[in-house]
2 protein chains.
Amino acid sequence: MGNDFLADFHHVATFGATENNGVERQAATAEDKLSRDWFAKFTREQGWELQTDAIGNMFALNELVPGAPYILLGSHLDSQPLGGRFDGAYGVIAGLHAAKNISEQLGQNSEQPKFNIGVVNWFNEEGGRFAPSIMGSSVFAGLMDREQMLQVQDLAGTTVSQALEAIGYLGTDAGPDVAGYAEIHIEQGRILEREGISLGAVDYSWYTQKLDVEVLGEQSHTGATAMADRHDALVAASKVILKVHDVVNRFEPESIVSSVGRMTLEPNSPIVVARRVHLVADLRAEKKQTVIEARQVLLEQIAQIAEEHEIRILVNDFDIREIQYYPEDGLELIEKVGAELGVSVRRIRTMAGHDSVAMNRIAPTVMMFIPSVDGVSHCEREFSTDDDMLTGLEALSTVGYRMVCGALSPDASNADDGDLLRDEALRSTTVSMVR
Amino acid sequence: MGNDFLADFHHVATFGATENNGVERQAATAEDKLSRDWFAKFTREQGWELQTDAIGNMFALNELVPGAPYILLGSHLDSQPLGGRFDGAYGVIAGLHAAKNISEQLGQNSEQPKFNIGVVNWFNEEGGRFAPSIMGSSVFAGLMDREQMLQVQDLAGTTVSQALEAIGYLGTDAGPDVAGYAEIHIEQGRILEREGISLGAVDYSWYTQKLDVEVLGEQSHTGATAMADRHDALVAASKVILKVHDVVNRFEPESIVSSVGRMTLEPNSPIVVARRVHLVADLRAEKKQTVIEARQVLLEQIAQIAEEHEIRILVNDFDIREIQYYPEDGLELIEKVGAELGVSVRRIRTMAGHDSVAMNRIAPTVMMFIPSVDGVSHCEREFSTDDDMLTGLEALSTVGYRMVCGALSPDASNADDGDLLRDEALRSTTVSMVR
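Residues numbered from 1 in each chain as written. Chains lettered and ligands numbered in written order. Predicted model: local features only at pLDDT ≥ 70, side-chain atom pairs only at ≥ 80, totals over all residues.

Digging into the overall build of chain A
The secondary structure content of chain A amounts to 12 helices and 15 strands. Its C-alpha radius of gyration of 23 Å places chain A within 12% of the 22 Å reference for a compact globule of 435 residues. Along the three orthogonal principal directions, the C-alpha set of chain A runs to about 85 × 45 × 40 Å. With 435 residues in all, chain A has 57% of them scored as buried. Long-range contacts, defined here as pairs at least 24 residues apart, represent 78% of the contacts in chain A between residues at least 6 apart. (Helix = DSSP H or I, 4+ residues; strand = E, 2+ residues; numbered from the N terminus. Rg over C-alpha atoms; globule rule 2.2 N^0.38 Å. Buried ≥ 20, exposed ≤ 12 C-beta atoms within 10 Å, placed from the backbone. Contact = placed C-beta atoms within 7 Å.)

Written out as structure tokens, the structure reads:
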């Protein structure tokens, strides 16, 4: 079983393979289609039913109990530009092999399944081509509007709808009723590696939010305009970027991360001082209060920068994601399975978003991590060992088996802490600093 | 005469007019075509010959002395994106009206012209769409290769050749033999305004060079990757931008300007730490030695930034333009004409590049400035008064008249100081900082 999984994993890594062992397989591209065709072929070979819904999510369904809802295993086969071959793909391929194992094991045992077993390849988890990320699972979970998402455009003006249609994966199926969801993923950090632990049981997701920052200076000549007469949007924006980077130093190490990953400037001419810079800052922390404090510090610093340069800087909160707790009985199930298999387990938070965060809102959900070498991800150097992948596959197979047999309570808690720390003022505030 | 000029000037400003009184009329666009069609129509109405050469330069030629070379007046009708309506256009339209005045005056006077009179609209002075700038006049002067320039692409992949063909201005004419060149332009700085002087006699151009800077970090996840594990190309690039901005503070005020106007980052995703930033720094100073010192300081600071972030930063010198002196007898001619007309004149350097800098290499050249309100340029707010434009037109008409009658020595000095301060090490050096 392990060899079949590894052969499939390394085969899928050839779809969109890059020179330095990574993959470039963004959502609804020709490379994404190759991985989807492979998913469909695997499904047909097992004799399972293939469904594709109207946002491009693909479901491989094995009906064991006629009419019963499904336990879904899965993740996503799309990647970041010049991304790694493990992020997402590992969870889908391990999910397919775990579902195969579970189906075979049920055929051999006398135990009666309570639910059916299925595997999902979610559309556009990465969000690199079409924003926002975690799109397919969020639409499925009713957290995003399908019609709205189908109209989202990439930078070339192609819509989600057109791109899915073009690769033949804009389906019409409804997808299954879901009784539970299990996802396995690489950690993308270095906690498991540092502690020599094989499996992470994800207990909650970090609080995350983004700041949309628009710096409005004045266009001028890079040669003729005196330095004192300029209102250089790029110089001011550079200061904002450094403040966003440095704000984490006010807090406990590893309790918050911050970054600016997207930025455009206008007119972007070598001999013109920029009039406008648009950038997105990403803040994520273990505690919501940390993000709120960091944001407040940044707003004050940004106001100072605006004053210093006599320019306007507009700041807008968006993409706010509350802390999500995974159900306690799911965590205990992972720990129990780990003990049985002789696999070391620790509870771990996720700083990254995942499809499981969306699914956790509508069904009992478990999320597991395997170690990432050097903790790097979203890059070609991303790596996890075959051994760690196989250990994870074994854990997923066993956890999935128990879930199919009804191990998780259907009303497992998945409350967020939004009610405890509700801060309505943080939602979609526009902070306008007028010079 | 003044009213005709003003009517024409404000009419041309309607081609590509923007909401805030600027123009967007980049080289070889549909808007540029409108201004070119107008130039052609003006030429035909005077009964002059129209020539268009194979890099899109347009010449309006009035032959007064059969077979003699031409005194050319002119500038450029193309603009920056969201640029001002004075930069370039003023010089072309004033040139046309001055040539008309000169032709009429010669018809009335007994004085015999030595040369013919013509007006030129140079292709792509701005360089915003097709780099490098000052393209048409540099090709005409033999400083750039025409075939190479015709293959330059804009960001959409359209070549200069295709763009000129598309608007019908890829000509086959040779253009005139040139005995002298005169250009009038807005100052784009605030020296004339500050001192209350009407006319600048440009004595030399500043030393300018650019630095191509490539910052090579490592792509990673904005959420999952610990701050300590990142090699964020954008954070390092932001520090470079601030160093470029601050380096001028080491020198006398207004003796050097610096800026970063162009910058791109990859992959430019909101949830990915940037792996690569490419930017262009522009350094310009009164003295070559100032740029050499500033560059040396920057190279040391950039090496420190690379070390601090454990990334590579590659720096490459390009677009080096030596100081160009305008001929002394041209400066004296402007001063003499100013005295006769009762117009205040001062000598002034140009920090910006101009078509006259290229023409100064092949023919006796004079360059004049009129005041810019608030010293701003390359933006919609760029402004000069009708009175100042009319004063400039009168000066250009008189200077041009004298040049047509042979006022300037054909071997007027136009040496650069390159031989005095030659620094071969500065040319196209690649500075590689390996982590």
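Some remarks on the domain arrangement of chain A
Residues and elements named next belong to chain A. Domain assignment breaks chain A into domain 1 (2-205 + 323-404) and domain 2 (207-322 + 421-433). On a C-alpha basis, the centres of domain 1 and domain 2 stand 34 Å from each other. Counting residues at the interface gives six residues for domain 1, matched by nine residues for domain 2. Along the lines of polarity and charge, the residues of the side of domain 1 that touches domain 2 split into three nonpolar, two polar and one charged. (Domains from an automatic or database assignment. Nonpolar A, V, L, I, M, F, W, Y, C, P; charged D, E, K, R; others polar.)

Topic: the sheet that holds strand E4 (residues 116-121) of chain B
Residues and elements named next belong to chain B. Strand order in this open sheet of eight strands is E1-E2-E4-E3-E5-E14-E6-E13, and the pairing throughout is mixed. Edge positions in the sheet fall to strand E1 (49-52) and strand E13 (345-350), since each of these pairs with one other strand and no more. With strand direction ignored, the average angle separating the axes of adjacent strands in the sheet is 25 degrees. In this structure, E1 lies alongside strand E2 (residues 58-62), joined through four bridges in antiparallel fashion. Counterpart to Leu50 in the pairing with E2 is Ala60. Docked against the sheet, helix H2 (residues 30-46) engages E1, E2 and E4, running at close to 10 degrees with respect to E2. Where helix H12 (residues 386-404) meets the sheet, its contacts fall on strand E3 (70-75), E4, strand E5 (178-186), strand E6 (199-205) and strand E14 (365-370), and the angle it forms with E14 comes to roughly 165 degrees. (Pairing = 2+ DSSP bridges. Axes fitted to C-alpha atoms, helices over the stretch in contact; angles between N-to-C directions.)

Remarks on the environment of Leu299 of chain B
Inspection of the secondary structure assignment puts Leu299 of chain B in helix H9 (residues 288-309). Spatially, the C-alpha atom of Leu299 of chain B lies 7.9 Å from that of Val315 of chain B, the residues being 16 residues apart in sequence.

Description of the relation of the copies chain B and chain A
Mapping chain B onto chain A is achieved by rotating through 180 degrees and translating by 0.0 Å along the same axis, at an RMSD of 0.1 Å. In the structure described here, the two chain copies are related by an operation that fits a two-fold rotation axis. Across chain B, the rotation axis passes nearest the C-alpha of Ser238 of chain B, at a separation of 2.3 Å. A shared binding surface is used by both copies, with 100% of the interface residues of chain B retained as interface residues in chain A. (Least-squares fit on C-alpha atoms with pLDDT ≥ 70 in both.)

A word on the nonpolar core
Ranked by size, the top nonpolar core spans 258 residues in total, and within it Leu234, Met368 and Leu396 of chain A together with Leu234, Met368 and Leu396 of chain B carry the most contacts. In this structure Leu396 of chain A touches Leu73, Ala94, Ala98, Ala182, Ile184 and Met368 of chain A, once residues within four positions along its chain are discounted. (Core = buried A, V, L, I, M, F, W, Y, C linked by C-beta atoms within 7 Å.)

Describing the sheet that holds strand E5 (residues 178-186) of chain A
Residues and elements named next belong to chain A. Taking strand neighbours across the sheet as the criterion, the eight strands line up as E1-E2-E4-E3-E5-E14-E6-E13 in an open arrangement whose pairing is mixed. Unpaired on one side and paired on the other, strand E1 (49-52) and strand E13 (345-350) mark the two borders of the sheet. Within this sheet the neighbouring strands show an average axis-to-axis angle of 25 degrees, counted without direction. As paired strands, strand E6 (residues 199-205) and strand E14 (residues 365-370) are joined by two bridges and run antiparallel to one another. Residue pairing across strands places Gly200 opposite Phe369, the latter belonging to E14. Along the sheet, helix H2 (residues 30-46) makes contact with E1, strand E2 (58-62) and strand E4 (116-121), crossing E2 at roughly 10 degrees.

Description of the interface of chain B and chain A
Listed by partner, the interface residues are 59 residues for chain B and 60 residues for chain A. Counting only elements with at least two residues in the side of chain B that touches chain A, the list comes to strand E7 (207-216), strand E8 (220-221), helix H8 (233-246), strand E9 (256-266), strand E10 (272-273) and strand E11 (276-285) of chain B. Residue composition of the side of chain B that touches chain A, grouped by class: 26 nonpolar, 23 polar and 10 charged.

A word on the confidence of the model for chain A
Residues and elements named next belong to chain A. Across chain A, pLDDT averages 92, with 94% of residues at or above 70. Contacts of residues 415-430 to residues separated by more than four positions or lying in other chains number 23 contacts, the stretch itself having pLDDT below 50. Two summary scores accompany this predicted model of the complex, namely pTM at 0.83 and ipTM at 0.82. (pLDDT = per-residue confidence, 0-100.)

Things to note about the packing of helix H1 (residues 2-12) of chain B against helix H3 (residues 89-108) of chain B
Residue and element names in this part refer to chain B. Contact pair H1 / H3: the axes reach a minimum separation of 10 Å and the direction vectors enclose 145 degrees. Read as a crossing pair, H1 and H3 show a hand that is right-handed. Mapping the contact onto sequence places Asp4, Phe5, Asp8, Phe9 and Val12 in H1 and Ala89, Tyr90, Ile93, Ala94 and His97 in H3. Across the contact of H1 with H3, the residue classes tally to seven nonpolar, one polar and two charged. (Left-handed = near helix turned anticlockwise from the far one by under 90°.)

A look at the environment of Glu328 of chain A
Residues and elements named next belong to chain A. With respect to the element layout, Glu328 can be found in helix H10 (residues 328-341). Its 12 C-beta neighbours within 10 Å are what place Glu328 among the exposed residues. Counting along the chain gives 38 residues from Glu328 to Val366, while the straight-line C-alpha distance between them is 9.3 Å.

Here we look at the pairing of E11 of chain B
Residue and element names in this part refer to chain B. Burial within E11 is extensive, with nine of its 10 residues counted as buried. Sheet topology note: the E7/E11 ladder contains 10 bridges and is antiparallel. Paired with Gln209 across the strands is Leu283, a residue of E11. The pairing of E9 with E11 spans 10 bridges and is classified as antiparallel. Across the sheet, residue Val260 finds its bridge partner in E11, namely Ala281.

A few points about the environment of Ala166 of chain A
Residues and elements named next belong to chain A. Topologically, Ala166 is positioned in helix H6 (residues 160-167). Here Ala166 falls in the partly exposed class, since 14 other C-beta atoms lie within 10 Å of it. In this structure the C-alpha to C-alpha distance between Ala166 and Val357, which are 191 residues apart in sequence, comes to 29 Å.

Examining unusual backbone geometry
Across residues other than glycine, the phi torsion is negative in most instances, and most of the peptide bonds are trans. Here the residue pair Glu266 of chain A and Pro267 of chain A is connected by a cis peptide bond, since its omega of 0 degrees sits within 30 degrees of zero. With respect to the helices, strands and loops of the structure, Pro267 of chain A is situated in the loop between strand E9 (256-266) and strand E10 (272-273). Even without a glycine there, the phi angle at Glu254 of chain B is positive, about 65 degrees.

What to know about helix H6 (residues 160-167) of chain B
All names here are of chain B. Of the residues making up H6, those classed as buried are Val160, Ser161, Ala163 and Leu164. In a view along the axis of H6, the buried residues occupy a sector of 165 degrees, so they form one face of it. Turning to H6, the residues buried within the fold contact helix H5 (146-150). One or two positions beyond H6, positive phi appears at Gly168, with a value near 80 degrees. (Arc of directions from axis to C-beta.)

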